[in-house]
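Understanding the architecture of this molecule
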Amino acid sequence: MSLMITDECINCDVCEPECPNGAISQGDEVYVIDPAKCTECVGHFDEPQCIAVCPVDCILKDPDYEESQDELLAKFHKINPS
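All figures in this text were calculated on a predicted structure; none of them were measured in a lab.

Another aspect to go through is the nonpolar core. Ranked by size, the top nonpolar core spans 15 residues in total, and within it Ile5, Cys15, Ile24, Ile33 and Ile59 carry the most contacts. Elements supplying a minimum of two residues to this core: β1 (3-5) and β3 (31-33). The residues touching Ile5, leaving out its near neighbours within four places in the chain, are Cys15, Ile24, Tyr31, Val32, Ile33, Cys58 and Ile59.

Below you can see the structure in the form of C-alpha cells.
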C-alpha cells in the first residue's frame, strides 16, 4: 500500500529527503507522495522513513493504493533494478 500525506502536513520538509525512492514532493498545498514510487521503504528499510521523521503524524496508508509486501518488493525491484 502506498502512503499518503494528509492536509495536517505543516510543510516542514523533513520527509522529502528521507524518501529513498524520491516519491515525496511539494504539492500545491502540502507535500504529496507518488504512489507509483512509494514502496513504504520496503527493500530499503524496516519501516517507512517518512513516518519515522514526521513531527505531526500526518502520513498514513493510502486506502486507494492497497499493495501486499510482495507487491511493494516487486515495485522496489522495478524502481531499483540493480
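Along the chain, Thr39 falls in the loop between β3 and α1 (49-53). Distance in space between the C-alpha atoms of Thr39 and Asn21 is 7.8 Å, their sequence separation being 18 residues. Non-local contacts of Thr39, meaning those with residues more than four positions away in its chain, are made with Asn21, Leu72, Lys75, Phe76 and Ile79.

In this section: the environment of Pro35. If you trace the backbone, Pro35 turns up in the loop between β3 and α1. Separated by 31 residues in the primary sequence, Pro35 and Glu66 place their C-alpha atoms 10.0 Å from one another.

The grouping of Asp7, Glu8, Asp28 and Glu29 at the surface amounts to a negative patch. Mapped onto the elements of the fold, Glu29 is located in the loop between β2 (24-26) and β3.

What follows deals with unusual backbone geometry. Residue Glu40 is not a glycine yet carries a positive backbone phi of 55 degrees. Here the phi dihedral of Asp57 falls at roughly 50 degrees; this positive angle occurs in a residue that is not glycine. Structurally, Asp57 can be placed in the loop between α1 and β4 (59-61).

Parameters and conventions
Residues numbered from 1 in each chain as written. Predicted model: local features only at pLDDT ≥ 70, side-chain atom pairs only at ≥ 80, totals over all residues. Heavy atoms only, no water. Core = buried A, V, L, I, M, F, W, Y, C linked by side-chain atoms within 4.5 Å. Buried < 20%, exposed > 50% of the residue type's maximum accessible area, 1.4 Å probe, protein only. Helix = DSSP H or I, 4+ residues; strand = E, 2+ residues; numbered from the N terminus. Contact = heavy atoms within 4.5 Å. Patch = residues over 30% accessible without salt bridge, like charges linked within 9 Å, V, L, I, M, F, W, Y side chains within 5 Å. Areas by Shrake-Rupley, 256 points an atom, 1.4 Å probe, with all protein chains shown as cover. Salt bridge = Lys/Arg side-chain N within 4 Å of Asp/Glu carboxyl O. Lys, Arg positive; Asp, Glu negative; His and termini not counted. Charge placed at Lys NZ, Arg CZ, Asp CG, Glu CD.

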